[in-house]
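This is what each chain is made of:
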Amino acid sequence: MFADTYAGRRVFLTGHTGFKGSWLSAWLLALGARAAGFSLGVPTTPSHFEALGLAARMDDLRGDIRDRAAVTAAMRAFAPEVVFHLAAQALVRRSYEDPAGTIESNALGTMNVLEAVRACPSVRAVVVITSDKCYRNDEWVWGYRETDHLGGADPYSASKGCAEIIAHSYFQSFFAQGPACATVRAGNVIGGGDWAADRIVPDCARAWAAQTPVSIRSPWATRPWQHVLEPLSGYLWLGARLLDTNAGLPAGATASFDPRGQAYNFGPAADVNNTVAEVVEALALHWPGFRSEMDAAGQAGRKECTLLKLCCDKSLAELSWKATLNFEETIRYTAEWYSRYYTGGATPAGMWDYTQGQITAYAGAAAQRGLVWAR
Ligand SMILES: NC(=O)c1ccc[n+]([C@@H]2O[C@H](COP(=O)([O-])OP(=O)(O)OC[C@H]3O[C@@H](n4cnc5c(N)ncnc54)[C@H](O)[C@@H]3O)[C@@H](O)[C@H]2O)c1
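Given the structure is predicted, the values throughout are model-derived calculations rather than measurements.

### Some remarks on the overall build of the protein
The secondary structure content of the protein amounts to twelve helices and eleven strands. Taking 21 Å as the expected radius of gyration for a compact globule of 375 residues, we find that the protein reaches 19 Å, a close match to that expectation. Principal axes of the C-alpha set define a box for the protein whose edges measure 55 × 45 × 40 Å. Buried residues in the protein amount to 57% of all 375 residues. Carbon and sulfur atoms provide 52% of the accessible area of the protein, an area that totals close to 14500 Å². A distance of 4 Å separates the average location of the 34 positive side-chain charges in the protein from that of its 36 negative side-chain charges.

This is the structure in structure tokens:
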């Protein structure tokens, strides 16, 4: 269980104003961590970060990870024990419009964060968040394993493959004696409070709130959909294991392992590989009046793979980690968060409580289903 790991611990996150970073911040704060975030700005309006009023609950630092001196100064000043690196230009379509900026943020930005770690002796554990898109996509029907080829046909995917290579070179070249580091690769996450462009759930939420139909770009594309709390539970658990690498096997783990310098996939169960159309249909069950329509023209010109799946056997074997929620639960958590936001008179205090309620419910479900990290 990582509940005790983070209490009172100083944790530095990049990308804390983003979708995943704000959920991770909310969870770390609930665990009693002293959290500092370093980000360019709040990427969307509205945002999960502002909906919860997180700026008032943590050290909210603004800066650019492309500026090595700035991220180094911020990290050294805060002197964290744990670093979660999430900041990135996170959108495939935007990477076609700004390939250089994407690669500078995602690849060189990762290098800068690791340079900051080198200059910050307090750091004991680092988790570098990349993506399932770091893999060379061969449109296979089976899941990618951590040993498969890295690659990336589009600039975003290439930048994440680069980030992996850079991170592992730092692990081997500079961090063999510590800090303990690992990379993590997760797929499409959904959940309340995402308003990013070009993502199907935010598109649906916006359309439902505006009482307009949503137009669906690639209805038959399948993705390993998972609730945002699923990979975050894996990141937190891995961070705890990295802090504890000298303590031997965690209770309940099934294999001898050392997570230092490793990469881990965090994805849904193998049978959760639904199409975009199925996600939209499932959301519609929760939102009265919600309508959708196909947008065949929106698919032209830009390549985005249609099939992408992760094999998470290594995370199960070495971390005893697997996803907690099934597809219907994932959709329900997501749809109910937006319902609460749009119809429940959203205040930062109310949305903080609501989000904390979802985190508690999720951890409770994980404990009930025997997940080691939740015991
Ligand atoms: N959301 C997903 O489905 C998904 C899937 C796989 C991987 N990821 C990865 O997870 C991480 C978080 O994704 P997200 O969905 O929360 O993204 P997001 O777009 O919601 O947030 C991105 C965050 O990074 C910050 N940022 C961007 N460029 C920066 C820069 N140059 N310097 C400092 N901060 C910068 C933004 O301010 C924001 O805080 C990213 O690394 C992303 O590539 C996300």
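Now that the structure has been shown, the text picks up again.
### Here we look at the packing of helix 1 (residues 19–30) against helix 8 (residues 229–243)
Where helix 1 meets helix 8, the axes come as close as 10 Å, and the angle between the chain directions of the two elements is 55 degrees. Comparing their axes, helix 8 and helix 1 come out oblique. In this structure, helix 1 meets helix 8 at a crossing whose hand is right-handed. Only Leu 229, Leu 232, Ser 233, Tyr 235 and Leu 236 of helix 8 make contact with helix 1, whose side of the interface consists of Lys 20, Trp 23, Leu 24, Trp 27 and Leu 28.

### Here's the deal with the packing of aromatic side chains
As enumerated under the stated definition, the model contains 27 aromatic pairs in all. Aromatic pair Trp 337 and Tyr 338: ring centres 5.8 Å apart, planes at 80 degrees, arrangement edge-to-face. Take Trp 337: its relative accessible area is 0%, and that puts it in the buried class. Assessed through its relative accessible area of 0%, Tyr 338 is described here as buried. Positioned above the aromatic ring of Phe 78, the side-chain terminus of Arg 10 is 4.3 Å from the ring centre. The positively charged end of Arg 241 is found above the aromatic ring belonging to Trp 237, 4.6 Å away from the centroid.

### Points about unusual backbone geometry
That bond from Thr 45 to Pro 46 is cis: its omega, -5 degrees, falls within 30 degrees of zero. Relative to the assigned elements, Pro 46 resides in the loop between strand 2 (34–39) and helix 2 (48–51). With omega at 0 degrees, the peptide bond leading from Gly 178 into Pro 179 counts as cis. Topologically, Pro 179 is positioned in the loop between helix 6 (155–174) and strand 6 (180–186).

### Regarding the sheet that holds strand 4 (residues 82–85)
Two modes of strand pairing occur in sheets, parallel and antiparallel, and in both the strands are linked by backbone hydrogen bonds. The sheet built from seven strands is open, its strands ordered 3-2-1-4-5-6-10 with parallel pairing. Lying at the two open borders of the sheet, with one neighbouring strand each, are strand 3 (59–62) and strand 10 (262–266). Within the sheet, the average angular offset between the axes of one strand and its neighbour, ignoring direction, is 20 degrees. As defined by bridge partners, strand 5 (residues 125–129) adjoins strand 6 across five bridges and the pair is classed as parallel. When the bridges of strand 6 are listed, Ala 125 appears paired with Ala 180. In this fold helix 5 (residues 99–118) packs onto strand 1 (10–14), strand 4 and strand 5, with an angle of close to 175 degrees to the strand it touches most, strand 4. In the packing of helix 8 onto the sheet, the strands contacted are strand 4, strand 5, strand 6 and strand 10, and the crossing angle to strand 5 comes to about 150 degrees.

Reading the values: the criteria
- Residues numbered from 1 in each chain as written.
- Predicted model: local features only at pLDDT ≥ 70, side-chain atom pairs only at ≥ 80, totals over all residues.
- Heavy atoms only, no water.
- Helix = DSSP H or I, 4+ residues; strand = E, 2+ residues; numbered from the N terminus.
- Rg over C-alpha atoms; globule rule 2.2 N^0.38 Å.
- Buried < 20%, exposed > 50% of the residue type's maximum accessible area, 1.4 Å probe, protein only.
- Areas by Shrake-Rupley, 256 points an atom, 1.4 Å probe, with all protein chains shown as cover.
- Lys, Arg positive; Asp, Glu negative; His and termini not counted.
- Charge placed at Lys NZ, Arg CZ, Asp CG, Glu CD.
- Axes fitted to C-alpha atoms, helices over the stretch in contact; angles between N-to-C directions.
- Parallel < 35°, antiparallel > 145°, perpendicular 65-115°, else oblique.
- Left-handed = near helix turned anticlockwise from the far one by under 90°.
- Contact = heavy atoms within 4.5 Å.
- Phe/Tyr/Trp six-rings, centres within 6.5 Å; stacked < 30°, edge-to-face > 60°.
- Lys NZ or Arg CZ within 6 Å of the ring centre and 35° of its normal.
- Pairing = 2+ DSSP bridges.

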